[in-house]
Amino acid sequence: MSILLPSAATGSKTRINDATNLRSWGRFCQERALPALPTTPAALRAYLSDMPPHVTAATLRHVVASVRRWHLDAGLADPADENFAQDLYHAQKRCRVPELRACRSHDLAKLVDSISETPGGLRDIVIILLTYTGRMSSSAFTLLNRSDVHIGPSGMRLTVFQRRRSTVLTFRRYQDARYCVVAAMERYLRVLNDDHPALVRVCSPGHISRRRLSLRRAMNAIRYRVKRSGLPINAATALRAGMVVTATNRGADDYAIMRQHGYAHTRTVRKLQARLGLNHIDVVDRLGM
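Residues numbered from 1 in each chain as written. Predicted model: local features only at pLDDT ≥ 70, side-chain atom pairs only at ≥ 80, totals over all residues. Heavy atoms only, no water.

Student: Just checking my understanding: could you explain the packing of helix α6 (residues 119-134) against helix α9 (residues 215-229) for this structure?
Tutor: The description of two packed helices rests on the angle between their axes and on the distance between the axes. The contact between α6 and α9 brings their axes to 10 Å, and the two run at 95°. It follows that α6 is roughly perpendicular to α9 by the angle criterion. Residues G120, G121, R123, D124, I127, I128 and T131 of α6 lie in contact with α9, whose contacting residues are A221, I222 and R225. Tallied by class, the residues present in the contact of α6 with α9 amount to 4 nonpolar, 3 polar and 3 charged. (Axes fitted to C-alpha atoms, helices over the stretch in contact; angles between N-to-C directions. Helix = DSSP H or I, 4+ residues; strand = E, 2+ residues; numbered from the N terminus. Parallel < 35°, antiparallel > 145°, perpendicular 65-115°, else oblique. Contact = heavy atoms within 4.5 Å. Nonpolar A, V, L, I, M, F, W, Y, C, P; charged D, E, K, R; others polar.)

So, in structure tokens, the structure goes:
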């Protein structure tokens, strides 16, 4: 079934996501002989009640949003009535919670050790360590400029624009320079032999271009490195969760984790700890063995 994209979805990421969501909606309607455009509140509720077992809450929410946007852009009435929000909420509670395998400290060491110190390898080590230690998103580090990096004897300050605001992240130096994000940043900066402002750039074998790395390429770089290392983890998500696991097991309090990762509330940390099975601290892991 061919489904046209909403004209208002001007952003490239929105257009890609809408295309995927509307194809899923089209297949659902075809299998059940339901109208796709215009659809009805009953058809939307059927989607909520008959959702496939692999659907997550985010997928369910995004598909519904794409269908509603598609209708409004076509000049049709919103297929969701006044009670639909409550039905969507209850449906999301029934959705599958995807398993989250955290990247532990020994996994991180294996991942970094698998990357050769070419210009592209040095760049990817910085990306991985920033994701792990600072919970930085791919969109945040692709916007970094060289002027955002301030390195001193004790560590590094990084001015980051994420979640619609500018924040300063602080990173200390660690004894093992191979896994220290400050030392990794210094090694990467030494191979940038020009004055171009972009920090994270497109790299080819033996060469660093002046082109800024795109969001898609940044995400693919992490996935590629994780796949090459042989680790059974879900790339960036596992890296961010890994810091929470290690910090919790080694005695960091909720407020310290919240501050390091930029969460707004400690309850967000506690929810993530519960999802990762950290209700009880691993005493052996605290020993750093």
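Back to the write-up after that little detour.
Student: Just checking my understanding: could you explain the packing of helix α5 (residues 105-113) against α6 for this structure?
Tutor: Between α5 and α6, the shortest axis-to-axis distance is 11 Å and the interhelical angle comes to 165°. Comparing their axes, α6 and α5 come out roughly antiparallel. Both α5 and α6 take part in a crossing whose hand is right-handed. Note on element contacts: α6 touches α5 through I125, I128, L129 and Y132, opposite S105, L108, L111 and V112. When grouped by side-chain class, the residues that make up the contact of α5 with α6 number 7 nonpolar, 1 polar and no charged. (Left-handed = near helix turned anticlockwise from the far one by under 90°.)

Student: Quick question: what am I supposed to make of the packing of aromatic side chains here?
Tutor: For any pair of aromatic rings, the description rests on two quantities: the centre-to-centre distance and the angle between the ring planes. All chains considered together, the criterion is met by 3 aromatic pairs. Between W25 and F28 the ring centres are 5.8 Å apart and the planes differ by 25°, which places this aromatic pair in the stacked class. One end of the pair, W25, and the other, F28, are both in helix α1 (residues 12-32), 3 residues apart, so they sit about a helical turn from each other. A centroid spacing of 5.0 Å and a plane angle of 90° characterise the contact between F28 and Y47, whose relative ring orientation is edge-to-face. With F28 in helix α1 and Y47 in helix α2 (residues 41-49), this residue pair connects regions lying 19 residues apart in the sequence. Grouping residues by exposure puts F28 and Y47 together as buried. A connected cluster of aromatic rings, assembled from ring pairs, spans W25, F28 and Y47. (Phe/Tyr/Trp six-rings, centres within 6.5 Å; stacked < 30°, edge-to-face > 60°. Buried < 20%, exposed > 50% of the residue type's maximum accessible area, 1.4 Å probe, protein only.)

Student: Got a minute to help me understand α5 in this structure?
Tutor: Side chains that are three or four residues apart share a direction in an α-helix, a result of its 3.6 residues per turn. Looking at α5, one finds that the buried residues are D107, L108, A109, L111 and V112. The secondary structure elements touched by the buried residues of α5 are α6, α9 and α10 (235-249).

Student: What am I meant to see in the environment of L192 here?
Tutor: With respect to the helices and strands, L192 occurs in the loop between α8 (181-190) and β4 (201-204). On the basis of relative accessibility, which here comes to 5%, the residue L192 falls in the buried class. For the pair L192 and H207, spaced 15 residues apart in the sequence, the C-alpha separation amounts to 9.7 Å.

Student: Would you explain the nonpolar core in this entry?
Tutor: Side chains that are nonpolar tend, in soluble globular proteins, to be buried together. L130, M136 and L158 are the most contacted members of the largest nonpolar core, which totals 53 residues. Ranked by residues supplied to this core, first place goes to α6 with 8 residues. Once residues within four sequence positions are removed from consideration, L158 is found in contact with L130, M136, L144, D148, V149, T167, V168, L169 and F171. By size, the runner-up hydrophobic cluster in this structure holds 22 residues, among which are L60, V63, W70 and F84. (Core = buried A, V, L, I, M, F, W, Y, C linked by side-chain atoms within 4.5 Å.)

Student: Looking at this structure, I do not really get the pairing of strand β5 (residues 207-212). What am I missing?
Tutor: The two faces of a sheet get side chains in turn, since along a regular strand they alternate between them. As paired elements, β4 and β5 share 3 bridges and run antiparallel to each other. Paired with R201 across the two strands is R212, which belongs to β5. The turn linking β4 back onto β5 is made up of 2 residues, and G206 within it adopts a positive phi angle of 75°. (Pairing = 2+ DSSP bridges.)

Student: Help me out: how do you make sense of α10 in this one?
Tutor: An ideal rise of 1.5 Å per residue puts 21 Å on 15 residues; α10 measures up with 21 Å between its terminal C-alpha atoms. Taken from the residues just after α10, G251 is the one with a positive phi, measuring 95°. (Expected span 1.5 Å × (residues − 1).)

Student: Sorry if this is basic, but what is going on with the pattern of salt bridges here?
Tutor: Two side chains with opposite charge may pair up if their charged atoms get near one another. Scanning the model with the defined rule gives 14 salt bridges in all. Among the ionic pairs, D124 bridges to R123, the shortest N-O distance being 2.9 Å. Here E186 and R173 are joined by a salt bridge, their closest N and O atoms 2.6 Å apart. Here E186 is found in helix α8, whereas its partner R173 is found in the loop between β3 (165-172) and α8, with 13 residues between them in sequence. (Salt bridge = Lys/Arg side-chain N within 4 Å of Asp/Glu carboxyl O.)

These values are about where atoms sit, not about what they do.
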